[in-house]
Amino acid sequence: MVIVLGAVMMMVATTAVTIAVSGARSSKSSEDWNAALAAAYAGVDEYQNRLANDSTYSKYGNPASAFSSASGSTVTLPTSPENPAFGSGVAGTWGTVPGSDDRASFRYEVDNSKYTANGVLTIRSTGRVGTATRTVVADLKQKGFIDFLYFTDYEVRDPSQGGKSCTPTYSWKAGNSCDTIQFSSTDVMDGPMHSNDTLRLCGRFKGEITTANNKTPKNYENACSNPVFDAGAPKTSQTIGMPPTNAEMKRETRSDLKQDVPRPGCLYTGPTQISLNGATGKMTVKSPYTQFTNTAGDDSAVGSNPDQCGRPGTEPGGLGSATGATIDVVDQNLLYVQSVPSVDTDKNYTQPGTYPANFVCSNGDSNTTKGGWVFSSDSTVSQYPMKNEVAPAAVKPAHYGCRNGDVYVAGQLKGAMTIAAQNYAYVVGDLTYTDAGTDILGLVANAIWVWNPIECTQYEVRNGRYTTTCERSKFALGQDRTINAALLAVTNSFSVQNYDKGSSKRGTLTVNGAIAQVFRGPVATTGSSGYDKSYHYDRRLRTTAPPKFLSPTSTTYGVSQIGSVGTAFNADGSTP
C-alpha cells in the first residue's frame, strides 16, 4: 500500500509537468488543475488496494451517492473502519492523498450493479487540489484466466486422464517425469497466453506470451526450429493460482443468501443435458435426477423450485420427462450441475441403486469403471456411451457415470450465462452464439471434453478387459468443430476424446473465447489424428466476464477502462 501510494504522490508531484492538456480553459494549465486529475487517479488506485486487501469490499459505497443510486447499486457504508472517501455533499469527508500535506484529496462513488453479472465494478473518483476538482470514471475487473486465450498451470498431461503415472512439477523448477505436450507447426494462437510452467512452442503466436519460468536467457523451449512470435518472445511473469474446486459456484444457486445471492441461478443434479435453442432465447434441459433447483443451507436440507429453472418430474415438459423442460436461458446468471448427493438429508438425495423413471444405468453406480446410462427411448433417447462407442479408458472418474455431476451441452446461445459442472462438461456438438457481439458463455468443470465418439466394430480384448484400440473404426460426428465460450477446467484439462484414433485429421477445432486448465489436454497427435487448432481470443473478455465466472485464488483488480468526465463535485463538496 505504501509503495503504491508513494507512486501516486510522485504522480501528483509530476503531473503538472507530464500531463499536457490543451483547451480554452485557462485553469487547465494550472498546477492545481493537473494535480486534481492525479488525485482522482489516486482515488482509483487507493480503491483498488482496498479490494486487494478485502475481496468483499465491492459491497461498500455510499448509497446516498447519486452515481451509486442511479445505477441501482446495492452498496452500504462500512462501519469499521470507516472510509472518508465515501463522503458526499458539502458536509461529507474526503480521503487524503498521503504526503500531500492535506493539500490533495479525493472521494469516490461505487457502482457495483454489474459486479455479480460480469465481474465489473465502476468507480467515479473525484480529485481535489485547492479549488480545482476533476473526475474520472474507471471500470475495474478482477484479473483472471479469461485475460488469456490460453492458460495452463502445468504443461504436461494429467496423470489421472490417461497420462503417465507421475508427480507433476513445474519443469523450470525441477525435473519433469510426466508426459509433456507441445504446440505443433500448424498451430496458430490468436491471443495472449500464460503458463505457470515451461511452454514447448512451435507454430505461430500472435499475442503476448507470459510464463512463470524465470530462467534466463531463455524461459521457454523450442518444439521446432522456428516458432513465430508476432508480439515478441515469451516474457516472465508471476504464477497465477488455480482454485482447487469450483464447488463455491453452487452457492450461487442458494435461495437463503438474499444479500450475497439476490438472484439465485439453477441447480441440477446428476447427468444433465442442455440444448441451447438459438434465437428463441430458450434451452431444453433434461435432468432426471433433479428434485429441487434451489436449495438453502450448507447441507441443502431445504429446497424450492422457481419457475425459471424448469419443473422437476416426469410430467410433460418436466426436467425428468422424455422431451425435457424448455425454458428461457437464465440470462446473466449461472447453472450448476452437481453429482447426486451422498447425504440422505440433502433434498436432491437419491439412494444408490435407485434410478429415476426411464433412466437405465448400465453398470451400476460405480464411476470408477466404464459405465454409462440410457435415458428414455425411441426418438428421444439419450445414451452415453452411444451404441458401439468405446469411451476412452484410463480416466478417473470414468466417463458417463450414472450419478456424476456431468453436463452435456451443445447448441446456439442467445444471452449471457455460465454453466458449471461438479465433474465433467461434454461439448457434444457445436457451441456457438446467435450474436457474437452480445452473447457470452462460460463453461466450468473439473474437465471439459470435446465429445468425439468412435464406433468400434471390432476391438481387442486383452486379459479379459476391453481396450480402446479399434481395428476398424468410424467417428460418430462429422469433421470440424466450433466452440464459442470461456472454458475453465478446474482440476483436469480441456481435451478431445479419441484424439489419437483414426487414420486422418478430424478437421479443425475452432475456439473463440478463452481456455484455462490445470494440465495440458491433448487435441491431436503429431501424426495424422485429432484436430488442427484454430484458437482465437474473444477480446470482449478483457472488459467483461461470463456471469459469475470463477476467478483465480489471488485477488487483483486491474483498470479495464478509464476516462475523464465532467467534475462530480465542486471543491466545497457541492455538486456543480
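Residues numbered from 1 in each chain as written. Predicted model: local features only at pLDDT ≥ 70, side-chain atom pairs only at ≥ 80, totals over all residues. Heavy atoms only, no water.

Chemist: Give a description of the sheet that holds strand β4 (residues 132–142) that names residues and reports values.
Modeler: Ordered by their spatial adjacency, five strands build an open sheet running β1-β2-β3-β4-β35, and the pairing between neighbours is antiparallel. Each edge of the sheet is formed by a strand with only one pairing partner; in this case those strands are β1 (95–96) and β35 (557–565). Note: β1 against strand β2 (residues 104–111), two bridges, orientation antiparallel. Following the sheet pairing, T96 is matched in β2 by S105. (Pairing = 2+ DSSP bridges. Helix = DSSP H or I, 4+ residues; strand = E, 2+ residues; numbered from the N terminus.)

Chemist: Account for the pairing of β2, with residues named and values stated.
Modeler: Buried residues dominate β2, accounting for eight of its eight residues. On β2, burial covers both faces: A104, F106, Y108 and V110 on one face and S105, R107, E109 and D111 on the other are all buried. Where β2 and strand β3 (residues 120–129) come together, eight bridges link them in antiparallel fashion. Bridge pairing links D111 to T122 in β3. (Buried < 20%, exposed > 50% of the residue type's maximum accessible area, 1.4 Å probe, protein only.)

Chemist: Go over the sheet that holds strand β22 (residues 373–375), please, and point to the residues and values.
Modeler: Strands sit in the order β21-β22-β23 across an open sheet of three strands; the sheet is antiparallel. Two strands bound the open sheet, and with one partner strand each, they are β21 (359–361) and β23 (382–384). For this sheet, the mean angle separating the axes of adjacent strands, direction not counted, is 5°. When β21 meets β22, the two strands line up antiparallel, connected through three bridges. Counterpart to V360 in the pairing with β22 is V374. (Axes fitted to C-alpha atoms, helices over the stretch in contact; angles between N-to-C directions.)

Chemist: How would you sum up unusual backbone geometry? Please name residues and give values.
Modeler: Most peptide bonds are trans, and most residues other than glycine sit at a negative phi. Residue P385 is bonded to the preceding Y384 through a cis peptide linkage, with omega at 0°. For P385, the location among the structural elements is in the loop between β23 and β24 (407–413). The residue after K396, namely P397, is reached through a cis peptide bond having omega -10°. As for its placement among the helices and strands, P397 is situated in the loop between β23 and β24. At D378, a residue that is not glycine, the phi angle is positive and equals roughly 55°. As for its placement among the helices and strands, D378 is situated in the loop between β22 and β23.

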